[in-house]
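Summary of the model geometry
Okay, here's what each chain looks like letter by letter:
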Amino acid sequence: MGEEDYYLELCERPVQFEKANPVNCVFFDEANKQVFAVRSGGATGVVVKGPDDRNPISFRMDDKGEVKCIKFSLENKILAVQRTSKTVDFCNFIPDNSQLEYTQECKTKNANILGFCWTSSTEIVFITDQGIEFYQVLPEKRSLKLLKSHNINVNWYMYCPESAVILLSTTVLENVLQPFYFRAGTMSKLPKFEIELPAAPKSTKPSLSERDIAMATIYGQLYVLFLRHHSRTSNSTGAEVVLYHLPREGACKKLHILKLNRTGKFALNVVDNLVVVHHQDTETSVIFDIRLRGEFDGSVTFHHPVLPARSIQPYQIPMAGPAAVTNQSPVPCKLYSSSWIVFQPDIIISASQGYLWNLQVKLEPIVNLLPDKGRLMDFLLQRKECKMVILSVCSQMLSESDRATLPVIATVFDKLNHEYKKYLDAEQSYTMAVEAGQSRSSPLLRRPVRTQAVLDQSDMYTHVLSPFVEKKDMPHKFVIAVLMEYIRSLNQFQIPVQHYLHELVIKTLVQHNLFYMLHQFLQYHVLSDSKPLACLLLSLESFYPPAHQLSLDMLKRLSTANDEIVEVLLSKHQVLAALRFIRGIGGHDNISARKFLDAAKQTEDNMLFYTIFRFFEQRNQRLRGSPNFTPGEHCEEHVAFFKQVFGDQALMRPTTL
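Scoring rules and cut-offs
- All residue numbers refer to positions counted from 1 along the written sequence of the respective chain.
- Residue-level local features of this predicted model are given only where pLDDT is at least 70; pairs of side-chain atoms are given and counted only at 80 or more, and the full residue set underlies all totals for whole chains, interfaces and linings.
- Where side-chain values are given, they derive from all heavy atoms of the structure, hydrogens and water being excluded.
- Per-residue accessibility, obtained with a 1.4 Å probe over protein chains only, is compared with the maximum for each type, and a residue is labelled buried under 20%, exposed over 50%, and partly exposed between these values.
- The helix count covers DSSP runs of H or I at least four residues long, the strand count covers runs of E at least two residues long, and both are numbered beginning at the N terminus.
- Strands were regarded as paired on the criterion that DSSP finds at least two bridges between them.
- Lines are fitted to the C-alpha atoms to define the axes, a helix being fitted only along its stretch in contact, and any angle between axes, read from their N-to-C directions, falls within 0 to 180 degrees.
- What counts as a salt bridge is simple: a side-chain nitrogen of Lys or Arg found within 4 Å of a carboxyl oxygen of Asp or Glu.
- Definition of nonpolar core: a set of buried residues of the types Ala, Val, Leu, Ile, Met, Phe, Trp, Tyr and Cys, connected through side-chain atoms within 4.5 Å.
- Contacts are assigned to residue pairs with any non-hydrogen atoms lying within 4.5 Å of each other.
- The arc in question is traced by the directions running from the helix axis to the C-beta atoms.

1. A closer look at the pairing of strand β8 (residues 78–82)
- Counted residue by residue, β8 has five buried out of five residues, so it is predominantly covered.
- Here β8 shows a buried face lined by I78, A80 and Q82 and a second buried face lined by L79 and V81.
- In terms of strand pairing, strand β7 (residues 69–72) meets β8 through four bridges, oriented antiparallel. Across the sheet, I70 pairs through a bridge with V81, a residue of β8.
- Adjacent in sequence and paired antiparallel, β7 and β8 are bridged by five residues, among which E75 carries a positive phi angle near 70 degrees.
- Here β8 pairs with strand β9 (residues 87–92) via five bridges, running antiparallel. When the bridges of β9 are listed, A80 appears paired with F90.
- Taking the residues between adjacent antiparallel strands as the criterion, β8 and β9 are bridged by four residues.

What follows is the structure in structure tokens.
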């Protein structure tokens, strides 16, 4: 399998830590994404590493027994360590605060602490088998203050740090889940919900295993993912992942089912809003996108894998340290190893090898694995780093070898412009709200974020349409059809078409002498009126004489002032066209010679400069009886330049009657 076929990979720079062994225990904190390597209960050192901080935190602590759980508060201010089932020890890592440990015992009698979660830099939750206790830590006083508690029988718990929600498993079957939400010193109880367990043979008691549940944010919404294994008694074809949407307000609802069509051991990750399901037996993974259209049965949407199952891209463990000799080749990493532990959203840890990776999606290989261009666009537009891949797909579908049909091209353009229009509308609403002074009264008003899915006209012009037009082997009818299709799509979404797209169409038509088509496009306003377009038409007069009149008509429709038209033409270096225009309206006796000579000189075309210079000499002769320029016209520099290039003898001699 070539490298172009793998659409999942492990990150290039993993976090490396000391491997787990009888002396060294490894812990992972999901909130800070930190790995703790604790040697001999901390007596011979604790090393903390995270994906962002390349400088590990190292310290020692007294060996007061086996460490069950160890985590820093957010911002690494306070360390919490659980060594017994009744207490948690704390140590400040704040400058100028006491480093002496202090301890908090759980409040509920006869309760055992299952674990704890930091919800901020000074707030912590103890989860016991009899409930939940929410504390504020007061580092300067070296004590804790109970903010709120709730009694409930707990089997196990799960924490989603991104949404600050803790899920408690309750009841004998363990399948009634009670969520709590934490925010700025408050704890809110959300509605509990039940996970439907698959039917099981009478001899076995079904129960919900913590291993089969994950919590993750997908497209900004919190979901509980339940891995429902294949049951022999049901007629299902394999395991499936059931997605329960857990809103901040209202009841939890089963919304999506991901069909795996296989059985065995699975693990879940969420990467770039995609649910990734790893299958250990076949050592492959599949991805699901809940935004893509699935089969809806009235309450639940069923989804199939977006792409065929593939392995994660093979990974080489580099040889590091002074022992590494240049001829030692990197060691292949054992993928889908039984020692792998998966954490949400995108973390894979190999404790036996001492690595923490982030799982990543590669978009380029997906382009060839998903032949349906419409579905491919739907998929790519939802991805974070999609822009350059989408542009390459557009270029590819216009290439000679992979040329798509016009309806497919139209579909792709419409999908792109749908996203573009959404952004333009959001931007406009924001601007209007700011102008209306709503930003002061509504603090929630935020400028819309421009994601990579927003491909505007300049992106398409620069990366796709302009290079496409320049290809010599493309049939011109197809080129024009594609350009007109893109303009049609922009018009459909009521997006004002930029003049450079119209210019591209006109230049293509002129290049192939399709003047009759150009005339029709202008006559029926397929190409919208604009000043730059009018100037372009004026410059075409030498190839196509009617272009002059078409241009003037357009400028009149735009109610453009004559001097403004001249300015626009000169700025485009259309000096002769500007002069013809001004002569056409009879204003050539009053124009500034210097302005035209400046513009002619800028073109670096000496013959053009000669023509313009001679025109003004003739005008001077006609108006004043002498070809010479008056001092008030400030043309001395241009006279000197004319003499330098063409010689004194080329100057016009005064003619007397």
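Following the structure, the description resumes.
2. Comments concerning the sheet that holds β8
- Strand order in this open sheet of four strands is β7-β8-β9-β10, and the pairing throughout is antiparallel. Edge positions in the sheet fall to β7 and β10 (102–105), since each has one partner strand and no second. With strand direction ignored, the average angle separating the axes of adjacent strands in the sheet is 20 degrees.

3. Side note on the pattern of salt bridges
- Using the criterion set out here, one finds 31 salt bridges in the structure.
- Measuring nitrogen to oxygen at the nearest pair gives 2.7 Å for the salt bridge that ties E427 to R447. Linking E427 in helix α4 (residues 406–435) with R447 in the loop between α5 (438–441) and α6 (457–469), this pair joins segments that are 20 residues apart in sequence.
- The salt bridge involving D456 is made with R450; its shortest N-O contact spans 3.0 Å.

4. Quick word on the nonpolar core
- Counting residues in hydrophobic clusters, the biggest one holds 126 residues, and the most contacted among them are I287, F379, M460, L518, L527 and F596.
- Ranked by residue count, the leading element in this core is helix α7 (residues 476–492), at nine residues.
- Not counting residues within four places of it along the chain, the set of residues in contact with F379 comprises L274, I287, D289, L292, V306, L363, I366 and L370.
- Counting residues in hydrophobic clusters, the runner-up holds 22 residues, among them F193, L246, C252 and V300.

5. A short note on helix α9 (residues 515–523)
- Among all positions of α9, only F515, L518, F521 and L522 are buried. Buried positions in α9, seen along its axis, are confined to an arc of 115 degrees and lie on one side of it.
- At its buried positions, α9 is contacted by α7, α8 (499–511), α10 (531–539) and α11 (546–557).
- H525 sits one or two positions beyond α9 and adopts a positive phi of about 55 degrees.

6. Side note on the pairing of strand β24 (residues 266–271)
- Burial of β24 is extensive: five of the six residues sit out of reach of the surface.
- Sheet topology places β24 next to strand β25 (residues 274–279); six bridges connect them, and they run antiparallel. Residue pairing for β25: N269 is matched across the bridge by V276.
- Linking β24 back to β25 in an antiparallel pair, the connection comprises two residues, with D272 at a positive phi of about 55 degrees.

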